[in-house]
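Structural characterization, general
Spelled out from the first residue to the last, the chains are:
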Amino acid sequence: ACKPRRRLNRKLIGNIARFVVLALAQVFIFNKVMVSGYVNPMVYVLFILMLPYDIKGFQLLLLAFLMGLTIDFFMHTPGMHALASVTLAFLRPGVIRLVGKKDDVEPWQYPNVRDSGSAWFLAYTVILVFLHHLMIFYLEVFRLDEFLRTFLKVLINTALSTLIIMLIQFLFYSRKTE
């Protein structure tokens, strides 16, 4: 009975650490990568992507809101990241079903390259990062007269954010640790 509790505590500590590290990395590293207003990778979404499969809907939305609000606080964007993060969290279960979740997942297992496979994780990431970025960048301009320019920005940033997320996955999550 003690072993599942220890595993749960380790996963909880891992999620808290992931939240802090990704929020700090976003604020102090990735927000500094601005190229002529077009390129701004948003890697903090990896926190939401890697929450456990079996997380309850309210908890998922709340954690996504807290991550988005944290980024909004540091970027001085009034709720844009919170809204986009909650939208990502709301769409996440549907995307997991769309991409085809593995049936053999354990409680508190989370999506990652090692357990889910690189092709599955890439498809999952591209879809959700694209939807997140679509929301962020169209909220930012809040008009459709720059539709194509904004859409290009969404595509460029989706590609860059996904590339960085996949690199993080291969660096930190591709090897078996247990």
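Conventions we followed
Residues numbered from 1 in each chain as written. Predicted model: local features only at pLDDT ≥ 70, side-chain atom pairs only at ≥ 80, totals over all residues. Heavy atoms only, no water. Helix = DSSP H or I, 4+ residues; strand = E, 2+ residues; numbered from the N terminus. Buried < 20%, exposed > 50% of the residue type's maximum accessible area, 1.4 Å probe, protein only. Contact = heavy atoms within 4.5 Å. Core = buried A, V, L, I, M, F, W, Y, C linked by side-chain atoms within 4.5 Å. Expected span 1.5 Å × (residues − 1). Axes fitted to C-alpha atoms, helices over the stretch in contact; angles between N-to-C directions. Parallel < 35°, antiparallel > 145°, perpendicular 65-115°, else oblique. Left-handed = near helix turned anticlockwise from the far one by under 90°. pLDDT = per-residue confidence, 0-100. Phe/Tyr/Trp six-rings, centres within 6.5 Å; stacked < 30°, edge-to-face > 60°. Polar contact = N/O pair within 3.5 Å; in protein donor to acceptor, adjacent residues only side chain to side chain.

Counting its regular elements, the protein contains seven helices and zero strands. Put simply, the protein runs from its N terminus to its C terminus through helices and strands in the order α-α-α-α-α-α-α. Considering the protein as a whole, with its 178 residues, one finds that 42% of them fall into the buried category. Residue pairs at least 24 apart in sequence account for 73% of intrachain contacts in the protein once pairs closer than 6 positions are excluded.

Once that is clear, we can look at the nonpolar core. Counting residues in hydrophobic clusters, the biggest one holds 45 residues, and the most contacted among them are Leu46, Leu49, Met67, Phe121, Tyr124 and Ile165. Counting residues per element, the ones that place at least two in this core are helix 1 (2-28), helix 2 (45-49), helix 3 (57-75), helix 4 (80-99), helix 6 (118-141) and helix 7 (147-172). Among the elements that make up this core, the one with the highest residue count is helix 6 (nine residues). Excluding anything up to four places from it in sequence, Tyr124 contacts Ile48, Leu49, Arg92, Val95, Ile96, Val99 and Pro111.

As a further point, take helix 4. At 3.6 residues per turn, the α-helix brings residues three or four places apart onto the same side. Taking 1.5 Å per residue as the helical rise, helix 4 with its 20 residues ought to reach 28 Å, and the 27 Å between its terminal C-alpha atoms agrees with that figure. Taken as a whole, helix 4 has its buried residues at Met80, His81, Ala82, Ala84, Ser85, Leu88, Ala89, Arg92, Val95 and Ile96. In this structure, the buried side of helix 4 is in contact with helix 2, helix 3 and helix 6. Where helix 4 ends, the next residue or the one after it, Gly100, has phi of about 100°, a positive value.

One way to put it is that helix 3 packs onto helix 4 with a least axis distance of 7 Å and a crossing angle of 155°. Taken together, the axis directions place helix 3 and helix 4 in an arrangement best described as roughly antiparallel. With respect to the hand of their crossing, helix 3 and helix 4 are arranged in right-handed fashion. Residues Leu60, Leu61, Ala64, Phe65, Gly68, Leu69, Ile71, Asp72 and Met75 of helix 3 lie in contact with helix 4, whose contacting residues are Met80, His81, Ala82, Ser85, Val86, Ala89, Phe90, Arg92 and Pro93.

Let's shift gears to the confidence of the model for the protein. Parts of the prediction with low pLDDT should not have their coordinates interpreted in detail. Model confidence for the protein is summarised by a mean pLDDT of 89, while 89% of its residues fall at 70 or above. When mean pLDDT is compared element by element in the protein, helix 2 scores highest at 97, while helix 1 scores lowest at 82.

Right, let's talk about the packing of aromatic side chains for a bit. Enumeration over the complete set of coordinates arrives at eight aromatic pairs. Note on Tyr53 and Trp120: the rings are 6.2 Å apart at their centroids and 65° apart in plane angle, and the pair reads as edge-to-face. Within this pair, whereas Tyr53 is found in the loop between helix 2 and helix 3, its partner Trp120 is found in helix 6, the two being separated by 67 residues in sequence. Neither Tyr53 nor Trp120 differs from the other in exposure class; each is buried.

Within the fold, Asn112 resides in the loop between helix 4 and helix 5 (113-116). A relative accessible area of 0% means that Asn112 is categorised as buried. A polar contact is formed between the side chain of Asn112 and the backbone nitrogen of Asp115, at a distance of 2.7 Å. In this structure, Asn112 is in contact with Met50, Gly117, Phe121, Gln169 and Tyr173, ignoring residues within four places of it in sequence.

Positive phi outside glycine occurs at His76, with the angle close to 60°. Along the chain, the position of His76 falls in the loop between helix 3 and helix 4. Of note, Phe142 is a non-glycine position whose phi angle comes to about 50°, a positive value. Turning to its location among the elements, Phe142 is positioned in the loop between helix 6 and helix 7. For Phe142, a relative accessible area of 68% gives the class exposed.

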